[in-house]
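Overview (structure and organization)
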Amino acid sequence: MNAESMIRDLEEKGFVEEELPAGTDLRGEILRMKKEKNAVILAHYYQRPEIQDIADFVGDSLGLSRQAAGTDADIILFAGVHFMAETAKILNPSRKVLIPDLRAGCSLESSCPPDKFRDFISRHPGHTVVTYINCSAEVKAMSDIICTSSNAAQVVASIEPGIPVIFAPDHNLGKYVMKKTGRQMFLWNGQCDVHEAFSMDKINALRKIYPSAKFIAHPESEEKLLEQAVFIGSTSALIGFVKKDPSDVFIVATEAGILHQMRKEVTGKKLIAAPAYENNTCACSECSFMKLNTMEKIYTTLKYEIPEIIIPEPIRLRALLPLQRMMQVSEQPGLSVAPASHAAN
Ligand code: SF4
């Protein structure tokens with residue numbers, strides 16, 4: 001494949017497309033190249049099962065960030081969405097960071113365009129800006145501290161009392177954190193299309209079929225759903241709950257890909273993906289962005305070492321600080337965060 005057609009593919013499709021010989025052992029080839037190139041594959045729980053199965057590490061945003069920051073591999077192939085691969089590059093800039101499909105975005109990230117967020121911050125001077133990791137590098141660069149769904153309450157609780165707080169971009173997670181910490185915050189009105197699409201009517205119908213089922217949910221879900229959940233937590237926390245809880249049946253409100261890892265870690269329990277409402281694009285609780293990644297794309301990405309994540313250094317450096325603060329707070333409960341001099345630029 002020549003450089004010209006690869007560039008055209010990247011521009012038009014977001015990935016390099018190559019017709020593979022019939023019978024290509026994709027798994028074997030990917031594992032061979034991974035070893036030869038000293039690459040590591042990091043995969044989110046929402047990835048397709050076959051991708052999770054070839055990954056060196058499968059986890060949530062916090063776990064994946066830690067792995068990305070600590071790896072000494074030459075290449076990080078990030079099987080997730082764009083903001084996750086960007087985060088890996090921000091944390092470990094000397095590694096080549098690859099993503100299988102440049103179009104793998106996130107509705108939360110796109111709900112918070114940097115120019116609009118800059119205006120929002122400038123209209124709320126003196127506020128500490130907390131942003132959920134599901135945002136662009138530019139938005140991270142305008143933030144005081146980042147959080148994930150694993151540590152959002154801990155991050156907000158670490159901010160000195162009395163300091164006003166902006167929380168973006170997920171309003172559902174923001175509302176949940178306000179309830180949990182008792183802290184009032186100015187919320188950006190962004191949402192995850194997958195977690196907003198769960199149908200409480202269909203979930204209730206399932207609960208009638210399985211009266212002993214425990215309903216558990218990710219905090220990106222709507223408030224009315226969270227009020228019904230017996231447990232709310234990040235993807236890792238949901239897996240931990242299902243492992244520990246003695247019940248036999250669980251209805252799980254997060255992206256359906258998580259069930260693959262749950263089933264690997266838990267045997268003999270019935271795990272049901274919470275259904276989405278009828279008019280949702282697929283009513284299947286799957287994230288169309290996460291599912292853009294395929295074994296074929298991982299193969300060509302490793303082979304040609306594109307698409308690569310590139311971040312302008314000034315933005316990377318500004319985005320690094322709030323990520324480092326998050327890591328510190330995650331590791332040292334109680335650490336206080338004063339508002340930084342985040343120029344809204
Ligand atoms: S599941 Fe939601 S938050 Fe996660 S990548 Fe997809 S759109 Fe973004």
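All values derive from a computational prediction rather than experimental measurement.

**Describing the domain arrangement of the chain**
Once the domains are mapped, the chain shows domain 1 (3-105 + 290-311), domain 2 (108-191 + 314-331) and domain 3 (200-273). Put simply, the middle of domain 2 and the middle of domain 3, counted by C-alpha atoms, are 27 Å apart. Counting residues at the interface gives eight residues for domain 2 and eleven residues for domain 3. Within the side of domain 2 that touches domain 3, the residues separate by chemical class into two nonpolar, four polar and two charged.

**Examining the nonpolar core**
Side chains of a nonpolar character, in soluble globular proteins, are inclined to be buried together. Core analysis: the largest hydrophobic core is formed by 95 residues, its most contacted members being L42, L77 and F78. Considering every element that reaches this core, the biggest residue donor is helix α5 (residues 82-91), with six residues. Those residues in contact with L42 that sit more than four places away from it in its chain are A55, D56, F57, L64, Q67, A68, I76, F78 and A79.

**Quick word on the sheet that holds strand β7 (residues 165-168)**
Ordered by their spatial adjacency, four strands build an open sheet running β6-β5-β7-β8, and the pairing between neighbours is parallel. Every other strand in the sheet has two partners, leaving β6 (145-147) and β8 (186-187) as the edge strands with one partner each. As defined by bridge partners, β7 adjoins β8 across two bridges and the pair is classed as parallel. Note on β8: the bridge partner recorded for I166 is F186.

**Quick look at the sheet that holds strand β10 (residues 231-232)**
As summarised here, the arrangement of the four strands in space is β10-β9-β11-β12, forming an open sheet in which the pairing is parallel. Both outer strands of the open sheet, β10 and β12 (270-273), are each paired with one neighbouring strand and no more. Relative to β12, strand β11 (residues 249-253) runs parallel, the two sharing four bridges. Residue pairing across strands places I251 opposite I272, the latter belonging to β12. Of the strands in this sheet, β9 (214-217), β11 and β12 are in contact with helix α11 (residues 200-209), which crosses β11 at around 175 degrees.

**Points about the site of the ligand**
Lining the immediate environment of the ligand, one finds 13 residues, of which C106, S107, C192, V194 and C287 sit closest. In terms of residue class, the shell around the ligand is built from nine nonpolar, two polar and two charged.

**Some words on the packing of helix α13 (residues 235-244) against helix α14 (residues 258-265)**
The N-to-C vectors of α13 and α14 enclose an angle of 35 degrees; their axes lie 10 Å apart at closest approach. The crossing of α13 and α14 is right-handed. Here T235, L238, I239, V242 and K243 of α13 lie close against α14, whose contacting residues are I258, Q261, M262 and E265. Here the contact of α13 with α14 is composed, by residue class, of five nonpolar, two polar and two charged.

**Considerations on the pairing of strand β1 (residues 39-44)**
Among the six residues that make up β1, six are buried, leaving the element largely enclosed by the rest of the structure. Sheet topology note: the β1/strand β3 (residues 75-79) ladder contains five bridges and is parallel. Bridge pairing in β3 places V40 opposite I76. Examined bridge by bridge, β1 and strand β2 (residues 57-59) share three bridges and lie parallel to one another. The residue bridging H44 from the neighbouring strand is G59, located in β2.

So, how was this worked out
Residues numbered from 1 in each chain as written. Predicted model: local features only at pLDDT ≥ 70, side-chain atom pairs only at ≥ 80, totals over all residues. Domains from an automatic or database assignment. Contact = placed C-beta atoms within 7 Å. Nonpolar A, V, L, I, M, F, W, Y, C, P; charged D, E, K, R; others polar. Core = buried A, V, L, I, M, F, W, Y, C linked by C-beta atoms within 7 Å. Buried ≥ 20, exposed ≤ 12 C-beta atoms within 10 Å, placed from the backbone. Helix = DSSP H or I, 4+ residues; strand = E, 2+ residues; numbered from the N terminus. Pairing = 2+ DSSP bridges. Axes fitted to C-alpha atoms, helices over the stretch in contact; angles between N-to-C directions. Near = placed C-beta within 6 Å. Left-handed = near helix turned anticlockwise from the far one by under 90°.

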